[in-house]
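Reading the structure
Next come the chains, spelled out residue by residue.
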Amino acid sequence: MTCKNAIGGATGRIKMALSFALLCTAGTPLAHAAAESSAQALPPAWTASNWQPPAAQFDIDHEEVTVRMDDGVVLRADVLYPKDRQTGRRAEGPFPVLLEQTPYRWAGFANLEAVLARGRYFVDRGYIYVLAHQRGTASSGGVYDLLGPRESEDGKMLVNWASKLQHGDGQIGLVGCSADGLNQFLTAARLGPDSPVRAMAANGIGDNLYGEPVFPGGMYSAEGDWFFEGVVPGLGTSSAIEKSLAVLKDLRSGGSNALSNDFWASISAGAAVEQVVRNKIPVLLYSSWDDVYPSSPYLLTMLQNAQAGRPIYGPFQPKAGEGGSPRFQIIMAPGLHCSGDNGGARDQANFRWFETWLRGAPTGLASIKTPFHFHSLNSPSWQSFTNAPQTGAYKPLYLAADGKLAAGPPKDSGTVQLAYGDRKGGGIANAIFTSEPFGEPTYIAGSTALSVTVETASPDVLVIGDLFDVAPDGTETRITRGNLVGSMRTPLPAREWRAAGMLVRPGHDFSTTVAVVPNRPMDLDVPLQPRLVLLDKGHRLRLVIKARSDALTRDCHFQLGPYPCLIGTLPQQRAIIDSTYTVRLGGKLALPLIAEPKAGKQ
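The following refers to the structure shown.

Analysis parameters
- Residues numbered from 1 in each chain as written.
- Predicted model: local features only at pLDDT ≥ 70, side-chain atom pairs only at ≥ 80, totals over all residues.
- Heavy atoms only, no water.
- Helix = DSSP H or I, 4+ residues; strand = E, 2+ residues; numbered from the N terminus.
- Buried < 20%, exposed > 50% of the residue type's maximum accessible area, 1.4 Å probe, protein only.
- Contact = heavy atoms within 4.5 Å.
- Areas by Shrake-Rupley, 256 points an atom, 1.4 Å probe, with all protein chains shown as cover.
- Lys, Arg positive; Asp, Glu negative; His and termini not counted.
- Charge placed at Lys NZ, Arg CZ, Asp CG, Glu CD.
- Pairing = 2+ DSSP bridges.
- Disulfide = S-S within 2.5 Å.
- Phe/Tyr/Trp six-rings, centres within 6.5 Å; stacked < 30°, edge-to-face > 60°.
- Salt bridge = Lys/Arg side-chain N within 4 Å of Asp/Glu carboxyl O.

The number of helices and strands found in the protein chain is 13 helices and 23 strands. By its C-alpha atoms, the protein chain is 80 × 50 × 45 Å across when sized along the principal axes. In the protein chain, which comprises 602 residues, the share counted as buried stands at 60%. For the protein chain, restricting intrachain contacts to residue pairs at least 6 apart in sequence, the fraction spanning at least 24 positions comes to 78%. A total of about 22300 Å² of accessible surface is found on the protein chain, and carbon and sulfur atoms cover 51% of it. The protein chain carries 55 positive and 55 negative side-chain charges, and their two centres are separated by 1 Å.

Below, the structure written as structure tokens:
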């Protein structure tokens, strides 16, 4: 997809008000995503039992209904019931009910068949499926609340209403992807431990909307701007447009919400984790390394820690032999944002999850102790892990002279120069470091961190680290990326992870800023997105450190990809335009390495 196509698509009127207007996207998701259908659909740990999902046996009986909230607002919902194929009548059941709450206008820009497709795989196999349209969107009444408290209160009421549907068995499963996945956490946090909700399948989400994807590393992204400028106004009501304009004005100007605050916490899944666990609701997370939320495994770590009674932002390292709780699992699968529905891998995974916890089917999922299921980024293999970080076998590589990514600290000091460039993209300068070839196939498994010392005369800096797999023929494949704004470098020790004596997952306090003192060295610890990727024998790693990633550099994604274009708020733009700075040699890249390809498998 190019930016031209995106701008001319569903919204048709996206015009970036920022001075660095997006001209085009700068890349597409990695090639392996296109081959999704050829990969094994589910992790081997999920298909190890003899249990097989039932074949489709029902048709769909569709009913459009209205549901009145306690403040008088009327919401619209589509209810899909199983229909007996022999009699043509609604099947008696009783059946579990799956509830999806959506702000998107399925009735506005799609036909009825698109609505039916949301739940067909499940209804065909004996579930009632409810697609409820949130207040202030589509044809539901009320004022759009942007994942706020009124919306989650509606979710609570919808749960209680759906649990009493005719032909239902009183059990509710919450399901959906993206916004439809996030509001499951916000709804579940409003419930008590005895609610009708027996399981959740929250797909395509992360723990923190501020840090991913709106302000990754503290830098305002084109992804966040597009969401509030193009997506929210397309929800179909004047209240949605008014809400988006107010948020956009604040974000673009560097207002109060340009820092992590209560606004972001209230609409993020992370704040609801402990209540979801207290409510005893099993949660399946399903995402992808190619998604806009590639760090979703951190949300699973929080759930596992909450279940174990540990600080939720720390690493998850159970005692030997204990393993993780099977009630909280994640699948990082091939594919793009919210792919795998319409009977694909995501639907299949969600179905197995609900069969396990709503019907007690002997799927084997309830006994899994390795809850982190990762599909390799560039190979057909799956690995399942118990811990987070996934390995304690971290190895440092150092920034050395002559562009080397060396196994040991460099003997000589020195610096390399970086430059952001001007408004037209001129004068950009990057620094490149390359390792020696790997002597055996090696997995990078989990979180990676880049620690560097920089100095500048500019008011602020943006440091970006891109890590590539370089084949013997010179072909480069990007593995992961991370970035950090200098003024947002305040560490948050409670969210740091360490292994093998190294900082492997930096944590930062994005609720505050700290001055960048001209020409004074400052240490930056940049978290790179977690990955599972196989480096073949003879391949090398290449680290590219840069100061800029936007439409002009053509190395980022505009919509729903893992590497959002970093455009900055207006104050951030003023601070970094034309900036130059030095990076000292001796900086360190902390890599989570597993030498044997079979290591980590269940």
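Among the 10 residues that make up strand β5 (residues 168–177), 7 are buried, leaving the element largely enclosed by the rest of the structure. With 4 bridges joining them, strand β3 (residues 95–102) and β5 adopt parallel strand pairing. Counterpart to V97 in the pairing with β5 is I172. With 6 bridges joining them, β5 and strand β6 (residues 197–203) adopt parallel strand pairing.

On to the state of the cysteines, then. Between two cysteines, a covalent bond joining their sulfur atoms is known as a disulfide. In total, this model carries 2 disulfides according to the counting rule given. A sulfur-sulfur distance of 2.0 Å marks the disulfide that ties C177 to C338. Given an S-S torsion of about -95 degrees, the disulfide between C177 and C338 has left-handed geometry. Of this pair, C177 sits in strand β5 while C338 sits in the loop between β8 (328–332) and α12 (345–358), and the two are 161 residues apart along the sequence. With a relative accessible area of 6%, C177 lands in the buried category. By sequence order of its bonded cysteines, the protein chain has the disulfide arrangement 1-2, 3-4.

With the rule as written, the count across this model stands at 18 aromatic pairs. For the pair F122 and Y129, a centre-to-centre distance of 5.9 Å together with 25 degrees between the ring planes defines the contact as stacked. Comparing F122 with Y129 shows no difference in burial state: the two are buried. With centroids separated by 5.6 Å and ring planes inclined at 45 degrees, the aromatic side chains of F374 and F385 adopt a geometry described as tilted.

The next subject is the pattern of salt bridges. Following the criterion strictly, the structure yields 25 salt bridges and no others. For D154, the salt bridge identified is with R135, shortest N-O distance 2.5 Å. One end of the pair, D154, is in helix α4 (residues 149–162); the other, R135, is in the loop between β4 (128–133) and α4, with 19 residues separating them in the sequence. For the pair D154 and R135, one class covers both residues: buried. One continuous salt-bridge network, built from bridges that share partners, spans D70, D71, R135, R150 and D154.

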